[in-house]
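Chain residues, written in single-letter form:
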Amino acid sequence: MTAPAAPSAPPARRRRRFGVHLFLTAVSLAFLAPLLLAVYASLRPYQETAAHGYFSLPRHLSLDYYKQAFVDSGMSKYFLNSLVIAVPGVLLTLFLASFVAFAVSRLRIRGGIVLLMVFTAGNLLPQQVIVTPLYVLFNKIPLPYWMSDSLTMYDSLWAVIAVQVAFQLGFCVFVLANFMRTLPREILEAAIVDGAGVWAQYWRVTLPLCRPALAALGTLQFTWMYNDFLWGLVFLSEGDKLPVTSALNNLRGQFFTDYNLLAAGSVLVALPTILVFLLLQRHFIAGLTLGASKG
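Residues numbered from 1 in each chain as written. Predicted model: local features only at pLDDT ≥ 70, side-chain atom pairs only at ≥ 80, totals over all residues. Heavy atoms only, no water.

Student: Talk me through a nonpolar patch on the surface; I want residue IDs and the actual numbers.
Tutor: A contiguous nonpolar surface patch, about 580 Å² in accessible area, is contributed by L32, L35, L36, L271, I274, F277 and L278. Contributions of two or more residues to the nonpolar patch are made by α1 (11-42) and α12 (259-279). Here the nonpolar patch takes four residues from α12, the largest share from any one element. Tracing the sequence through the fold places L36 in helix α1. (Patch = residues over 30% accessible without salt bridge, like charges linked within 9 Å, V, L, I, M, F, W, Y side chains within 5 Å. Areas by Shrake-Rupley, 256 points an atom, 1.4 Å probe, with all protein chains shown as cover. Salt bridge = Lys/Arg side-chain N within 4 Å of Asp/Glu carboxyl O. Helix = DSSP H or I, 4+ residues; strand = E, 2+ residues; numbered from the N terminus.)

So this is what it looks like as structure tokens:
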């Protein structure tokens, strides 16, 4: 005796599903088109694209531009500068934000909602508004010689890290506080019954449950801090300390710019963020879909 066949989806539902997939595919291609065009152009000589156009079929493909971009721009030291800014900045931001979010959402401190609103309101302030006050302030904050060659906060990576953490903290507090509110209070109450103090409740109970949210925020924060160009340009005067986004300026000539070489440099600059996303992709998607369904 054969089992009855499973009912197929109605034609209308299949058409809607096909339409959704077609729309998402078109949107994905639209977002990927600039990157794919940059990769395609970086593999072709400039003389070829100048003669036949960027959308013509290739006659010669090579990786010469990538080697030239990496060597001519001194990109290795700029990569290191960006990592020195982004990695500590992300870790410090997530640590401080999770601390504040835990206090606001789990400890029921007095004025917690007001504190959360203050942190969130900080994201509404345009960064360009406080460039001049921060420039003056950092020139007056002294640092020991082993932390800054200028003996002040200005012209040191500490200034860029501090600004990145300050501006990204409010967004992370807002996201983590709302996520922690969805965690069952019974877990925290059971930990309190077992004798867990506040630090154990935070470090050993709450943070492991926040791993998807932390991974999603970590991916976003690394991308934003790594790709930032403004703060490094404002607070760093020595070229050797600038982030990797500024290295692309070294590939521009005074009278002529090889845009295929510039495309190769742009692809090299984007590689670390793509690698971070691929490594944290599973946690990142899980963090974005939290709360999408119940049960």
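Student: Which residues make up α1, and what values go with them?
Tutor: It helps to recall that an α-helix has 3.6 residues per turn; residues three or four apart then point in one direction. In a regular helix each residue adds 1.5 Å, so 32 residues correspond to 46 Å; α1 covers 45 Å between its end C-alpha atoms and thus fits that length. The largest bend in α1 is about 45 degrees, located at L32, with the proline P34 one to four residues further on. Within α1, burial applies to A38, A41 and S42. In this structure, the buried residues of α1 make contact with α3 (64-72) and α12. (Expected span 1.5 Å × (residues − 1). Bend = angle between axes of the 7 residues up to and from the residue. Buried < 20%, exposed > 50% of the residue type's maximum accessible area, 1.4 Å probe, protein only. Contact = heavy atoms within 4.5 Å.)

Student: So what's going on with the pattern of salt bridges? Residues and values would help.
Tutor: The tally for this structure, following the rule as stated, stands at four salt bridges. A salt bridge links K77 to D240; the shortest N-O distance between them is 3.0 Å. Residue K77 is located in helix α4 (residues 75-106), and its partner D240 is located in the loop between α11 (230-235) and α12; the two are separated by 163 residues in the primary sequence. Taking the relative accessible area as the measure of exposure, K77 reaches 36% and is therefore partly exposed. A single network of salt bridges, built from pairs that share partners, joins D149, D155 and K241.

Student: An account of the nonpolar core is requested, with residue identities and associated values reported.
Tutor: Residues F138, V163, L176, Y226, W231, F235 and V244 are the most contacted members of the largest nonpolar core, which totals 65 residues. Looking at which element gives the most residues to this core, the answer is helix α7 (residues 157-181), with 14 residues. The contacts of V244, once residues within four sequence positions are left out, are M75, Y78, F79, S82, Y226 and V269. (Core = buried A, V, L, I, M, F, W, Y, C linked by side-chain atoms within 4.5 Å.)

Student: Before we move on, can you summarise the side chain of D155 with the specific residues and values?
Tutor: Assignment of secondary structure puts D155 in the loop between α6 (131-140) and α7. Within the local environment of D155, its side chain forms a polar contact with the backbone nitrogen of S237, the two atoms lying 3.0 Å apart. At a separation of 3.4 Å, a polar atom in the side chain of D155 contacts the main-chain amide nitrogen of E238. D155 has contacts with S148, S150, F235, L236, S237, E238 and K241, leaving out every residue within four places of it along the chain. (Polar contact = N/O pair within 3.5 Å; in protein donor to acceptor, adjacent residues only side chain to side chain.)

Student: Tell me about the environment of I85, and please be specific about residues and values.
Tutor: Tracing the backbone through its elements, the reader meets I85 in helix α4. On the basis of relative accessibility, which here comes to 3%, the residue I85 falls in the buried class. Taking the C-alpha atoms as reference, I85 lies 9.5 Å from F222; in sequence the two are 137 residues apart. For I85, the residues in contact, after removing those within four places along its chain, are L157, V160, I161 and Q164.

Student: Before we move on, can you summarise empty space enclosed by the protein with the specific residues and values?
Tutor: Summary: where empty space remains is shown by rolling a probe the size of a single water molecule over the atoms. Tallied over the entire structure, the rule returns one cavity of 30 Å³ or more. Taken as a whole, the largest cavity encloses approximately 60 Å³ of empty space. Lining the largest cavity are S82, I85, A86, V160, Q164, M225, Y226, D228, G232 and P243. The greatest single-element share of the lining of the largest cavity, amounting to three residues, is contributed by α4. (1 Å grid on protein atoms, 1.4 Å probe; cavity = no way out; pocket = protein on both sides within 12 Å on 5 of 7 lines; lining within 4 Å. Points joined across faces, edges and corners; volume = space filled by probe spheres on them.)

Student: Pulling in residues and values, what's your account of helix α10 (residues 211-227)?
Tutor: Helix length check: α10, at 17 residues, gives a terminal C-alpha distance of 24 Å against a target of 24 Å (1.5 Å per residue), a fit within 8%. Across the 17 residues that make up α10, a large majority, twelve, are buried. Buried residues of α10: P212, A213, L214, A215, A216, L217, G218, T219, Q221, F222, M225 and Y226, and no others.

Student: I'd like a rundown of the packing of α7 against α10, residues and numbers included.
Tutor: Interaxial distance between α7 and α10 falls to 11 Å at its minimum, and their mutual angle equals 160 degrees. With respect to α10, the element α7 is oriented roughly antiparallel. The way α7 lies across α10 gives a crossing that is right-handed. Contacts from Q164, Q168, F171, C172, V175, L176 and F179 in α7 reach A213, L214, L217, Q221, W224 and M225 in α10. A class-by-class count of the residues in the contact of α7 with α10 yields ten nonpolar, three polar and no charged. (Axes fitted to C-alpha atoms, helices over the stretch in contact; angles between N-to-C directions. Parallel < 35°, antiparallel > 145°, perpendicular 65-115°, else oblique. Left-handed = near helix turned anticlockwise from the far one by under 90°. Nonpolar A, V, L, I, M, F, W, Y, C, P; charged D, E, K, R; others polar.)

Student: Please set out the layout of surface pockets residue by residue, giving values where relevant.
Tutor: There is about 210 Å³ of room inside the second largest pocket. Lining the second largest pocket are L32, L35, T223, N227, A270, T273 and I274. Top element by residues in the lining of the second largest pocket is α12. It accounts for three residues. A breakdown of the residues in the lining of the second largest pocket according to their chemical character gives four nonpolar, three polar and no charged.

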